[in-house]
Amino acid sequence: MVRQLGELENAIMTRVWRWNRPVTVREVLLDLQSEREIAYTTVMTVLDKLHRKGWLRRERVGRAYRYEPVSSREAYTAALMNDAWATSDNPAAALVHFFGLMSPEQREALRDALRVAALFPPDPPAADSADAPPDSPGPDTGETGPGTTR
């Protein structure tokens, strides 16, 4: 059941991204019904759940809601991967297994992504003057104080 729900969430999100416009429950339902038997209330529940998770925003139009994505498919995928990784007691081992499941094309995409990420290293922590050792000079303001020379 959980896997089916995740698959349904993905199927719905895929449609919302593909259509690239606000959609109603009925529109999603009619499209899904071309592939499987599904109830209106099921689609409505999943859209509401995606809204509560923060993946969709909605606006009331008459008696219905129109839903649209909050972020890109890539951001959604990254969050799903992060959520899955966070469930592991041993994240390093989970990554090793994940890499073992990857196709050669996926591994090459991973290498490319790591190269790009290396171009944008994380910002160093901000140096707080309160953390500086007592005898270290403060920031250079260009001013000279008593007993200092430039």
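Scoring rules and cut-offs
- Residues numbered from 1 in each chain as written.
- Predicted model: local features only at pLDDT ≥ 70, side-chain atom pairs only at ≥ 80, totals over all residues.
- Heavy atoms only, no water.
- Helix = DSSP H or I, 4+ residues; strand = E, 2+ residues; numbered from the N terminus.
- Buried < 20%, exposed > 50% of the residue type's maximum accessible area, 1.4 Å probe, protein only.
- Contact = heavy atoms within 4.5 Å.
- Areas by Shrake-Rupley, 256 points an atom, 1.4 Å probe, with all protein chains shown as cover.
- Salt bridge = Lys/Arg side-chain N within 4 Å of Asp/Glu carboxyl O.
- Core = buried A, V, L, I, M, F, W, Y, C linked by side-chain atoms within 4.5 Å.
- Patch = residues over 30% accessible without salt bridge, like charges linked within 9 Å, V, L, I, M, F, W, Y side chains within 5 Å.
- Pairing = 2+ DSSP bridges.
- Axes fitted to C-alpha atoms, helices over the stretch in contact; angles between N-to-C directions.
- Parallel < 35°, antiparallel > 145°, perpendicular 65-115°, else oblique.
- Left-handed = near helix turned anticlockwise from the far one by under 90°.
- Nonpolar A, V, L, I, M, F, W, Y, C, P; charged D, E, K, R; others polar.

Trainee: Can you help me understand the overall build of the protein in this one?
Mentor: For the protein, the helix and strand inventory stands at six helices and two strands. Ordered by position from N to C terminus, the α and β elements of the protein give α-α-α-β-β-α-α-α. In the protein, which comprises 150 residues, the share counted as buried stands at 17%. In the protein, 40% of the contacts between residues at least 6 apart in sequence involve partners at least 24 apart. A total of about 11600 Å² of accessible surface is found on the protein, and carbon and sulfur atoms cover 57% of it.

Trainee: Looking at this model, I keep getting lost on the pattern of salt bridges. Mind explaining?
Mentor: When charged atoms on two side chains of opposite charge get close, those side chains can pair. Under the criterion given, the structure shown has 12 salt bridges. When the shortest N-O distance is used, the salt bridge between Asp 112 and Arg 115 registers 2.3 Å. Remark: Arg 115 and Asp 112 occur in helix α6 (residues 104–119); sequence separation between them is three residues, near one turn of the helix. Taking the relative accessible area as the measure of exposure, Asp 112 reaches 36% and is therefore partly exposed. Since its relative accessible area comes to 45%, Arg 115 is described here as partly exposed. The network of salt bridges with shared partners includes Arg 15, Arg 18, Asp 31 and Glu 35.

Trainee: Would you mind showing me how to read the nonpolar core here?
Mentor: Across soluble globular proteins, nonpolar side chains have a tendency to be buried as a group. If you look at the biggest cluster of nonpolar residues, it comprises 20 residues, and the most contacted ones within it are Ile 12, Leu 32, Val 43, Leu 47 and Leu 50. Elements with a contribution of two residues or more to this core: α1 (2–19), α2 (25–32) and α3 (40–52). Ranked by the residues each element gives to this core, the list is headed by α1, at six residues. Setting aside anything within four residues of it in sequence, one finds Leu 47 in contact with Ile 12, Val 25, Val 28, Leu 56 and Tyr 67.

Trainee: What should I look at first to understand the environment of Val 43 in this one?
Mentor: Tracing the chain through its elements places Val 43 in helix α3. Val 43 sits in the buried class, given a relative accessible area of 0%. For Val 43 and Glu 9, which are 34 residues apart along the polypeptide, the C-alpha to C-alpha distance reads 9.1 Å. In contact with Val 43, not counting residues within four places along its chain, are Ile 12, Val 25, Val 28, Leu 29, Leu 32 and Ile 38.

Trainee: Can you help me understand a nonpolar patch on the surface in this one?
Mentor: Side chains of Met 81, Phe 98 and Phe 99 sit close together on the surface and give an oily, nonpolar patch of about 270 Å² of accessible area. Of the residues examined, Phe 99 reaches a relative accessible area of 34% and is grouped as partly exposed.

Trainee: Please explain the pairing of strand β1 (residues 56–61) as it appears in this structure.
Mentor: Regular strands show a simple pattern: their side chains alternate between the two faces of the sheet. Pairing of β1 with strand β2 (residues 64–69) involves six bridges; the strand directions are antiparallel. Paired with Arg 57 across the bridge in β2 is Glu 68. Counted along the chain from β1 to the antiparallel partner β2, the turn is two residues long, and its residue Gly 62 has a positive phi close to 70°.

Trainee: What is the right way to look at the packing of α2 against α3 in this model?
Mentor: Pairs of packed helices are described in terms of their axes, by the angle between the two and the distance that separates them. Where α2 meets α3, the closest approach of the two axes is 9 Å, and the angle between their N-to-C directions is 120°. Taken together, the axes of α2 and α3 lie oblique to each other. In this structure, the crossing between α2 and α3 has a hand that is right-handed. Between α2 and α3, the residues in contact are Val 25, Arg 26, Val 28, Leu 29 and Leu 32 and Tyr 40, Val 43, Met 44 and Leu 47, respectively. Residue composition of the contact of α2 with α3, grouped by class: eight nonpolar, no polar and one charged.

Function-wise, these values are silent; they only describe arrangement.
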